[in-house]
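Per-entry structural report
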Amino acid sequence: MKEGDRLMWIAALVVLILIAAWVMISYNRLVSLRDKNEKAFLLMDTNLKRMHDIVPELVETVKSHAVNEREALEKVVQARSMAMSSENIKEMQFNEHMLSSAINSLLAAVEGYPEMKTDDAFVQLKMQLHNVENDISNSKRDYNELVKAFNIKIENPPFSMIAGIFGLSRYPYFMVD
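Read on for an overview of the structure. Each chain has its residues counted from 1, running along the sequence as written. The predicted nature of this model means local features are confined to residues of pLDDT at least 70 and side-chain atom pairs, given and counted, to a pLDDT of 80 or more, with totals for whole chains, interfaces and linings taken over all residues. By convention in this description, side-chain values take in all heavy atoms of the structure and omit both hydrogens and water.

**Observations regarding the pattern of salt bridges**
The line we're drawing: Here a salt bridge means any side-chain nitrogen of Lys or Arg lying within 4 Å of a carboxyl oxygen belonging to Asp or Glu. Relative accessible area decides the class of each residue, using a 1.4 Å probe on protein chains only: under 20% of the type maximum gives buried, over 50% gives exposed, and in between gives partly exposed. Secondary structure elements are defined from DSSP: runs of H or I of at least 4 residues count as helices, runs of E of at least 2 residues count as strands, and each element is numbered from the N terminus.
For the coordinates displayed, the defined rule picks out 11 salt bridges. Across the salt bridge formed by R34 and D35, the nearest N and O atoms sit 3.5 Å from each other. On the basis of relative accessibility, which here comes to 36%, the residue D35 falls in the partly exposed class. A salt bridge links E145 to R141, with the nearest nitrogen and oxygen atoms 3.9 Å apart. Placement of both E145 and R141 in helix α5 (residues 120–155) is noted, with a separation of four residues, approximately one turn of the helix. For E145, a relative accessible area of 47% gives the class partly exposed. Each of E111, K117 and K126 takes part in a single network of salt bridges with overlapping partners.

**Focus: the packing of helix α3 (residues 89–110) against α5**
The following threshold applies: Axis definition: a line fit to C-alpha positions, over the contact stretch in the case of helices; interaxial angles, taken between N-to-C directions, run 0 to 180 degrees. Throughout this description, any angle smaller than 35 degrees is read as roughly parallel, any larger than 145 degrees as roughly antiparallel, any in the 65 to 115 degree range as roughly perpendicular, and the remainder as oblique. Here is the rule for handedness: rotate from the far helix to the near one, and if that takes an anticlockwise turn smaller than a right angle the crossing is left-handed, while a clockwise turn gives right-handed. Only heavy atoms matter for contacts: two residues are in contact if any of them lie within 4.5 Å across the pair. Ten residue types, Ala, Val, Leu, Ile, Met, Phe, Trp, Tyr, Cys and Pro, are classed as nonpolar, four, Asp, Glu, Lys and Arg, as charged, and the remainder, Gly among them, as polar.
One can describe the packing of α3 onto α5 by two numbers: an axis separation of 13 Å at closest approach and a directional angle of 150 degrees. Considered as vectors, α3 and α5 are oriented roughly antiparallel to each other. For the element pair α3 and α5, the recorded crossing hand is left-handed. Every residue of α5 that contacts α3 at I89, I103, N104, L107 and V110 is listed here: F122, K126, L129, E133 and Y143. The residue inventory of the contact of α3 with α5, partitioned by class, reads seven nonpolar, one polar and two charged.

**A few points about the packing of aromatic side chains**
For clarity, the threshold we go by: To pair, rings of Phe, Tyr and Trp, with the six-membered ring standing in for Trp, must have centres within 6.5 Å; the planes then decide the type, stacked if under 30 degrees apart, edge-to-face if over 60, and tilted in the middle. Placement of a positive charge over a ring is assigned whenever Lys NZ or Arg CZ falls within 6 Å of the ring centre and within 35 degrees of the normal to the ring plane.
The final tally for this structure, using the stated rule, is three aromatic pairs. For the ring pair Y27 and F166, a centre distance of 4.3 Å and an interplane angle of 40 degrees mean the geometry is tilted. Pair noted here: Y27 is in helix α1 (residues 3–65) and F166 is in helix α6 (residues 159–166), with a separation of 139 residues, a long-range link. The exposure class of Y27 is partly exposed, given its relative accessible area of 26%. For F166, a relative accessible area of 40% gives the class partly exposed. An angle of 85 degrees between the planes, with centres 5.2 Å apart, marks the rings of F150 and Y171 as edge-to-face. One end of the pair, F150, is in helix α5; the other, Y171, is in the segment after α6, and 21 residues separate them in sequence. Taking the relative accessible area as the measure of exposure, F150 reaches 1% and is therefore buried. Look at Y171 and you get buried, because its relative accessible area is 17%. Here K153 stacks its cationic end above the ring of F159, 4.6 Å away from the centre of that ring.

Bear in mind that shape data such as this cannot, by itself, settle questions of function.
This is how it looks when you write it as C-alpha cells:
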C-alpha cells in the first residue's frame, strides 16, 4: 500500500470517528433535554395528584356546612374523578381545567356561608389548596420552558437530523389555567 493511500484511509477514518462522536454528543444532549422534560412532567403530575388528594377533604368539610351546595359538590367530585382517569396529555389538560373551574365555583359558592370562614379545617384546606395551586403553576411553567427548549432544539439543524434519525419528536405544551 502506498503512503498516500494509507494517509487517505487514516484521514477518512478520523473524519468518520469525528462524525460518530458528533452524533453521539448531539444525541446525548437531546436525550438529556428529553429526560429533563419527563422529570418536569412527573413533578407537575405529582402536584396535580396532591390537588386531587385535597379534594375529598374539601368536599367533606364543605358538605358539613353548606348542604345547599350539593350540585357544586357533585361537580367537583365528578371533575376530580375525570382528572384522575386522564389517559393522555390532551385529556389531562381538559380535565384539570374542569376540576380547577369546579373547585373555584365551589369556593365562590361557600363565600356566602359565614361559618365556613371560621372553620379551621376549611381555612387550612383553602391554604393547602392555594399552596398546591402555586406549585402546579410553577411546575407547569418549568415543564413548558423545558418543552420549548427541546422543541426548538430538535427543529433546528443540525439537531433536527439527529432527532429524525433517532425518532425524537416534539413534546406538547401543558396549558391549564
